[in-house]
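Working through the structure, step by step
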Amino acid sequence: MLSHLLRPLELKKKDFFKILLGCAIMAFGVVNVHEPSQITEGGVLGMGLFLKKVVGLNLAYVSPVLDGICYALGFSMLGSRFLKKSGVATVAFSIFYWIFNFIGPVLPSLYHLPFLAAIAGGIFIGCGCGIAVTAGGCAGGDDALAMVISKKMKWPISRAYFLTDAVVLALSLSYIAPSRLIFSFMTTLVSSYLIGQFELKMKAPAWQVSQGTVEKNA
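Residues numbered from 1 in each chain as written. Predicted model: local features only at pLDDT ≥ 70, side-chain atom pairs only at ≥ 80, totals over all residues. Heavy atoms only, no water.

Okay, unusual backbone geometry next. Glycine aside, residues mostly have negative phi, and peptide bonds are mostly found in the trans state. The residue Lys-154 is not glycine, and still its phi comes out positive at about 60°. Following the sequence through the fold, Lys-154 ends up in the loop between α7 (141–153) and α8 (157–172). (Helix = DSSP H or I, 4+ residues; strand = E, 2+ residues; numbered from the N terminus.)

Printed below as a string of structure tokens:
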């Protein structure tokens, strides 16, 4: 039954459950670590926050537009199969985020332990995103952008993730104290490294897997 439902999405059951697991881990980390400790984000969310603080644009409108631009780039360079998998991941992340946000944080707040929060947050995002990437999925526009950069520049995806996050975090210096932002850079380093480790276990770059042009290791 499930295989029949996933066929139009060109998605295998194993990959579907990998995407679900990865998105669940990321959503849990955001609700339980990033938000309570106020560790800011890179990527699309961080750029949206930057535009909100500096230009006064509404985050509710900015984020979908930025995501749409990144997905459009991903579709133009990686094809429809990538877009289908990413759509599944985006919906899965939204559902898990709603669930965990409804439950509320279940871990102790790490606000006063920013070093530990940065490490823990990086582990949740790195492992969750890494698992989703091995199935060819992207849970957000910044993930799609990293895939495009990885393909265009022939870079490991870990370097592409770090570049996009580092640029946005550097812009965030305009409204966030450097003493606090350093921990966001730290969590970016951890998550990028872990995502790279997942990619190393694959037979091909993550962007090729997202296109479905290669098979993955079990």
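Glancing now at helix α2 (residues 13–37). Along its 25 residues, α2 runs 35 Å from first to last C-alpha, staying within 8% of the 36 Å computed at 1.5 Å per residue. The axis of α2 is deflected most strongly, by about 40°, at Val-30. Downstream of α2 by one or two residues, Gln-38 has phi in the positive range, about 55°. (Expected span 1.5 Å × (residues − 1). Bend = angle between axes of the 7 residues up to and from the residue.)

Moving on, we come to the confidence of the model for the protein chain. Here the protein chain averages 81 in pLDDT, while 87% of its residues score no lower than 70. Within the protein chain, the lowest mean pLDDT, 62, falls on helix α10 (residues 206–211), and the highest, 90, falls on helix α6 (residues 114–134). (pLDDT = per-residue confidence, 0-100.)

Here we take up the state of the cysteines. In this structure the tally under the stated criterion is zero disulfides. Unpaired in this structure, Cys-23 has its nearest cysteine sulfur neighbour in Cys-129, at a distance of 8.7 Å. (Disulfide = S-S within 2.5 Å.)

Overall, the coordinates contain six aromatic pairs when judged by the stated rule. With a centroid separation of 5.4 Å and 85° between ring planes, the pair formed by Phe-28 and Phe-100 is classed as edge-to-face. Of the two residues, Phe-28 sits in helix α2 while Phe-100 sits in helix α5 (residues 80–103), which places them 72 residues apart along the sequence. Consider the rings of Phe-93 and Tyr-97, whose centres lie 6.3 Å apart with planes at 25°: the pair is stacked. Of this pair, Phe-93 and Tyr-97 both sit in helix α5, four residues apart, roughly one helical turn. (Phe/Tyr/Trp six-rings, centres within 6.5 Å; stacked < 30°, edge-to-face > 60°.)

The subject of this paragraph is the nonpolar core. Within the largest apolar cluster, 32 residues are counted, with the highest numbers of intra-cluster contacts made by Ile-19, Met-147, Ile-157 and Tyr-161. Only α2, α3 (43–54), α4 (59–78), α5, α6, α7 and α8 provide two or more residues apiece to this core. Contact partners of Tyr-161, with chain neighbours within four places excluded, come to Cys-129, Val-133, Asp-142, Asp-143, Ala-146, Ser-192 and Ile-195. Listed in part, the seven residues of the second largest apolar core include Val-33, Ile-39, Leu-110 and Ala-117. (Core = buried A, V, L, I, M, F, W, Y, C linked by side-chain atoms within 4.5 Å. Buried < 20%, exposed > 50% of the residue type's maximum accessible area, 1.4 Å probe, protein only. Contact = heavy atoms within 4.5 Å.)

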